[in-house]
Structures are given as structure tokens and as C-alpha cells.
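# Descriptive analysis of the structure
Next come the chains, spelled out residue by residue.
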Amino acid sequence: MKDLQKLKTEVQEDIDQLDSNELKKKYLSSDGVIREYFSKISNVDKDNRAKYGKELNSIKNLIAQSIEQSSKEIVTQRAKRVDPTAPFDSNTSKSNRPRILDLNGSSHILMQELERMLDIFQSMGFDIVESRQIDDDYHMFESLNFPKGHPARDMYDTFWTEDGFVLPAHTSTMQNRILSSSTPPISAVIPGRCFRSEATDSSHEHTFFQCEGIYVDKGISVANMIATIKEFLEAYLETDIEVKIQPAYFPFTEPDAEFTINCPFCNKEGCSTCGHTGWIELMGCGMIHPNVLKSADIDSEEFSGFAWGFGLDRLVMIRNHISDIRDLRAGNIKFLRKY
Ligand code: DAH
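Let me begin by describing the structure that accompanies this report. Since the structure is predicted, the reported quantities are computational estimates derived from the model, not experimental observations.

Parameters at a glance
- Note on numbering: residues in each chain are counted from 1, in written sequence order.
- Local features in this predicted model are restricted to residues whose pLDDT is 70 or higher, and side-chain atom pairs enter the listing and the counts only when it is 80 or higher, whereas totals over whole chains, interfaces and linings include all residues.
- Hydrogens are left out, water is left out, and the side-chain values use all remaining heavy atoms of the structure.
- When DSSP finds at least two bridges between two strands, those strands are taken to pair.
- Labels follow the DSSP assignment, with helices taken as runs of H or I lasting at least four residues and strands as runs of E lasting at least two, numbered in each case from the N terminus.
- Contacts are assigned to residue pairs with any non-hydrogen atoms lying within 4.5 Å of each other.
- Comment: axis = line fitted to C-alpha atoms, over the contacting stretch for helices; angle = value between 0 and 180 degrees taken between N-to-C directions.
- Only one rule defines a salt bridge in this text: a Lys or Arg side-chain nitrogen within 4 Å of an Asp or Glu carboxyl oxygen.
- A 1.4 Å probe rolled over the protein chains alone gives each residue an accessible area, and that area as a share of the maximum for its type sets the label: buried under 20%, exposed over 50%, partly exposed in between.
- Note on definitions. A residue lies near a molecule or strand when any single heavy atom of the residue is within 4 Å of it.
- By the criterion applied in these results, polar contacts are pairs of N or O atoms within 3.5 Å in which, for protein atoms, one can donate a hydrogen and the other can accept it, and in which residues neighboring in sequence qualify only through two side-chain atoms.
- Residue exposure ignores everything except the shown protein chains as possible cover, and the areas themselves are Shrake-Rupley values with a 1.4 Å probe.
- The scheme is simple: roughly parallel for angles under 35 degrees, roughly antiparallel for over 145, roughly perpendicular for 65 to 115, oblique for anything else.
- When residue character is reported, Ala, Val, Leu, Ile, Met, Phe, Trp, Tyr, Cys and Pro are called nonpolar, Asp, Glu, Lys and Arg charged, and the others, Gly included, polar.

Here we come to the sheet that holds strand 4 (residues 243-247). Read across the open sheet, the seven strands follow the order 1-2-3-7-6-5-4; overall the sheet is mixed. Each having just a single partner strand, strand 1 (127-128) and strand 4 make up the two edges of the open sheet. Relative to strand 6 (residues 279-288), strand 5 (residues 253-262) is paired through eight bridges, and the arrangement is antiparallel. Bridge pairing links Asn262 to Trp279 in strand 6. Most of the contacts of helix 10 (residues 312-320) go to strand 7 (residues 304-311), to which it runs at about 60°, and overall it touches strand 3 (207-217), strand 6 and strand 7.

So, in C-alpha cells, the structure goes:
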């Protein structure tokens, strides 16, 4: 009985120090301590045998209870770690989880590339401002020198809500906000989601991202615009580029231009990326129209500036050799897994 007293003390210490597996192995296994003590029962004198067995059993139960208790605690702790984004009970074993989770989750290619672009613009000194997904006629048109009835409004035919708000067809809707809330020098880049009511094909989507840029200061010229955009593109595409500036028309710029670069893939020989022309039209740009500066109370005699707007999806497609813009939003796991 004295031995049992010692054993009980040892067990109590071990319960505090050992984990369930160690306890099980030391005490409850086939060559464990409890079995050993039971085998000594024949040495105990007859009168005490029943008492000895009872006491030994209670020590055994003590250990078993402790093991059960700690495994319950583990389950409760696990249950507390809830992942509200998981479309399954997070205690489900890996092999029983829906297959889709093999993806392990990652950011979408558009967001990965957007971050790369913004890093470059930030290193060039631009502030980043987010665009809006719903806007009004003033920011979509009026402030950008498209008065009511201007035929160029048709180029941006888009979605309207019943109460007269618009889903922006371009990120230029942010120009007036940025120009009127800051004083030159102003340099900002505005990524945002845009919408156009048009039929979709491999290069057109009703929903896409654009990235607007504006720069205003004293004595800014077209040369600054070309150098800035070129520097960004060379950093983003990680290659030297040749630039061709073609005439274009936008009510909010004067002069206006289409920024075109040599196809970085075929050495201007023509390939599927450049539509076999050797050149790729990347974005609209130009010197900000004096009326746009005026509507933001900036003196167009003293200050000038440039702006651009490019389709982010398009640039991402070029850099990653993606041939169908619809892949970017189709949610196709095979496609997403590649990036
Ligand atoms: N917003 C124009 C479009 O989506 C692109 C553009 C052209 C943006 C010239 C500009 C700009 O800032 O100066 O077609």
C-alpha cells in the first residue's frame, strides 16, 4: 500500500508534466507501470488485496481521465479556431475537404500585377488614389469638358442607374476630384474598375480595370509625358521599348495622343500579341485641357500637366501572354492555378 501511495504522488506529478501520449505509454501500455503493479497483486497479503486492487484501479482511472480531459481540450481549442471564410467546417480533415481548396488561396493575377505597377509608380513619386465604382454625370462628363449633348459622350456609352448615377466607363472620372482637392505640383495614379456596355470578345469586357495618371506643375510638356509613361512601361515590362505617338481625340486633353509601343515579343515582325502589326496601342494620353484645369480652379496660364489612362487588364495580358481578356474574370480554376 505504501508503494501505491508513492505511485499516486508520481502519477500526479506526471499528469502536470507529461502529455497524453507520454502518460499513456508510461502507465497504460502493455508493459506500462499499471500493468506491472497489477502483476504484483499476488505478493500482497490476502486481507489487503481487494483494497490494493481498488486503489490501483482508482490511480489508473485518474490517468485515463486526465488523458480524456486533455484530448477534449484540444478539440475545443481547435473548434475555437474558426475560419469564417472557409466554405466547410475547419475541423474537417484535409482529405475530406472540398478539392477546390487545394488551391490554398492566393491573390488574383490582376491584383498581383496591380501591386507591381503601384510599386513602380510610388518609386517614381506618384500618390495612389482609388477610383469609385459609381459616379455622377459631372465627374464622368461635365468636368472633363464633355458638355451635355457633346457627341463624344457616345464613345463612353455605359450603365446608368434609375436615379441618374453612372458606372464609370473610365478612371478619368477622378481627375476633377484630384485636381480640385490639391495644389500643384500634383502627381497621382488612380487604379479602378470600369464598366462599358458592349459586347464581349477576346479583347473586350463589360468590366475591366483602368489605371489613370495625372501630373500637373509649372512648365510641364509633352516630352515629360512621354518620358514618364515610357519609364513606367520599361520598368513594368522589364525591357527597353520604342515609342510611337499617334493622334487621337479626347475632349479632356489637348493635344491628345495614343501611346503606342513596339511589340516586346516579336521585334516588330508581327505576332498574335500585336495583331501582326509589330506595334501595340497601349493607352490614351495627352496634355490636360485648359477647361479641365479651370473646372478645378487651377490657373491654366500658370500650370500645365498631362494625363493618361490605360487598360490594366490589357497590360497584364501582354506581360503574361494571356490571349483572352475573359479568362481574367471567368473564375476558371485551371487558369487561376497558373498564376
Ligand atoms: N479615359 C480615356 C479612355 O478610357 C483614356 C485617357 C485618354 C485618359 C487621355 C486620360 C487621357 O487621362 O489624358 O478612353
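The rest of the description comes next.
Attention now moves to the pattern of salt bridges. In the structure shown here, the tally under the stated rule is 14 salt bridges. One salt bridge in this structure joins Lys148 and Glu142, with 3.7 Å as the shortest N-O distance. A salt bridge links Lys230 to Glu234; the shortest N-O distance between them is 3.4 Å. With Lys230 and Glu234 both in helix 8 (residues 222-237) and four residues apart, the pair spans about one turn of that helix. The partly exposed category is assigned to Lys230, whose relative accessible area is 28%.

Turning our eyes to something else, we now look at the site of the ligand. Taken together, 16 residues surround the ligand, and among them His170, Ser172, Gln210, Glu212 and Thr253 come closest. Interatomic distance of 3.0 Å between a side-chain N/O atom of Arg196 and an oxygen atom of the ligand. Contact between the ligand and Trp308: an oxygen atom at 3.3 Å from a main-chain N or O atom of the residue. Relative to its free-state accessible area of 360 Å², the ligand is covered by the protein chains to the extent of 94%.

Turning to the packing of helix 5 (residues 109-123) against helix 10, a few remarks are in order. The interhelical angle for the contact between helix 5 and helix 10, taken along N-to-C directions, is 95°, at an axis separation of 10 Å. Judged on the interaxial angle alone, helix 10 and helix 5 are roughly perpendicular. Taken together, the residues of helix 10 that come into contact with helix 5 (itself represented by Ile109, Leu110, Glu113, Leu114, Arg116 and Met117) are Leu312, Asp313, Leu315, Val316, Arg319 and Asn320. Here the contact of helix 5 with helix 10 is built from residues that sort into seven nonpolar, one polar and four charged.

Tracing the chain through its elements places Arg177 in helix 7 (residues 175-181). Within polar-contact distance, the side chain of Arg177 engages the side chain of His139 at 3.3 Å. Not counting chain neighbours up to four residues away, the residues in contact with Arg177 comprise Arg132, Asp135 and His139.

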